[in-house]
Amino acid sequence: MAGPAACVLLPEAWAAGHIAAFHEWLASWLIAAGDNGWRTPSGGGPITVEVGARESEDADEATGLRRALGYLPGTEIVLAAAVNGPDDHRFLAELAVATARRYDGVIDLDGLLPAGGPDWKERSRATIRALPGRWHEIPYRTAWGGAAAYHVVDPDLLAAWLKHPGFGMVK
């Protein structure tokens, strides 16, 4: 079963030296387990970490990111948990917050802030407005031509969401 995912977006493009230094720092959080594979020290599920250039083929998305952030991100750090337990959601969020704070990034939640119920989109927007920190809703076109959006948040907002009783990451 696949678990939650998020991306830390950084303003600048990273060279190989940046990525090597990041992997050294990441080793203070995780145990290396192959190419992009890592394991949590507590024995939780595997986590994939991929660092690369941030690319968007969607003009609406690029415009939304530039308008919201004042720049187009040059690097994205994809964090994905292979397991969907509550501890995996929490660890992934904590790692995203720490990474964004250390490297002056923001966090792409890979969807709207999760909120249950039939009116989940409205609840998502109401919840995110009530949390401290900055956030942006970025529109994009789906592969099927539909319109969708995802939230990009600063580390303070995700740290506050971690303390919320409805906490969960996008799966």
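As a reminder, the structure under discussion sits directly above these lines.
1. A word on the pattern of salt bridges
This structure, assessed with the given rule, holds six salt bridges. One salt bridge connects Arg54 with Asp108, and the closest N-O pair in it is separated by 3.6 Å. Separated by 54 residues along the polypeptide, Arg54 in the loop between strand E4 (46-53) and helix H2 (59-69) and Asp108 in strand E6 (residues 106-108) bring together distant segments of the chain. Neither Arg54 nor Asp108 differs from the other in exposure class; each is buried. A salt bridge links Arg101 to Asp156; the shortest N-O distance between them is 2.8 Å. Of the two residues, Arg101 is situated in helix H3 (residues 86-102) and Asp156 in helix H5 (residues 155-163); the sequence distance between them amounts to 55 residues.

2. Quick word on the packing of helix H1 (residues 16-26) against H3
Where H1 contacts H3, the two axes come as close as 12 Å, and the packing angle between them is 135°. When the axis of H1 is compared with that of H3, the two are oblique. Relative to H3, the crossing made by H1 is right-handed. Facing Phe22, Trp25 and Leu26 of H1, the residues of H3 in contact are Leu95, Ala98, Thr99 and Arg102. Of the residues belonging to the contact of H1 with H3, the class tally is five nonpolar, one polar and one charged.

3. Considerations on the nonpolar core
Counting 37 residues, the largest nonpolar core has Val49, Ile107 and Leu158 as its most contacted members. If you list the elements that add at least two residues to this core, you get strand E1 (5-10), H1, E4, strand E5 (75-81), H3 and H5. Residue contributions to this core peak at eight residues, all from H3. With residues up to four places along the chain from it excluded, the contact list for Val49 reads Phe22, Leu26, Leu30, Asn36, Trp38, Ile77, Val78 and Leu79. In this structure, Cys7, Leu65, Ile138 and Val152 belong to the second largest nonpolar core, which totals eight residues.

About the cut-offs
- Residues numbered from 1 in each chain as written.
- Predicted model: local features only at pLDDT ≥ 70, side-chain atom pairs only at ≥ 80, totals over all residues.
- Heavy atoms only, no water.
- Salt bridge = Lys/Arg side-chain N within 4 Å of Asp/Glu carboxyl O.
- Helix = DSSP H or I, 4+ residues; strand = E, 2+ residues; numbered from the N terminus.
- Buried < 20%, exposed > 50% of the residue type's maximum accessible area, 1.4 Å probe, protein only.
- Axes fitted to C-alpha atoms, helices over the stretch in contact; angles between N-to-C directions.
- Parallel < 35°, antiparallel > 145°, perpendicular 65-115°, else oblique.
- Left-handed = near helix turned anticlockwise from the far one by under 90°.
- Contact = heavy atoms within 4.5 Å.
- Nonpolar A, V, L, I, M, F, W, Y, C, P; charged D, E, K, R; others polar.
- Core = buried A, V, L, I, M, F, W, Y, C linked by side-chain atoms within 4.5 Å.

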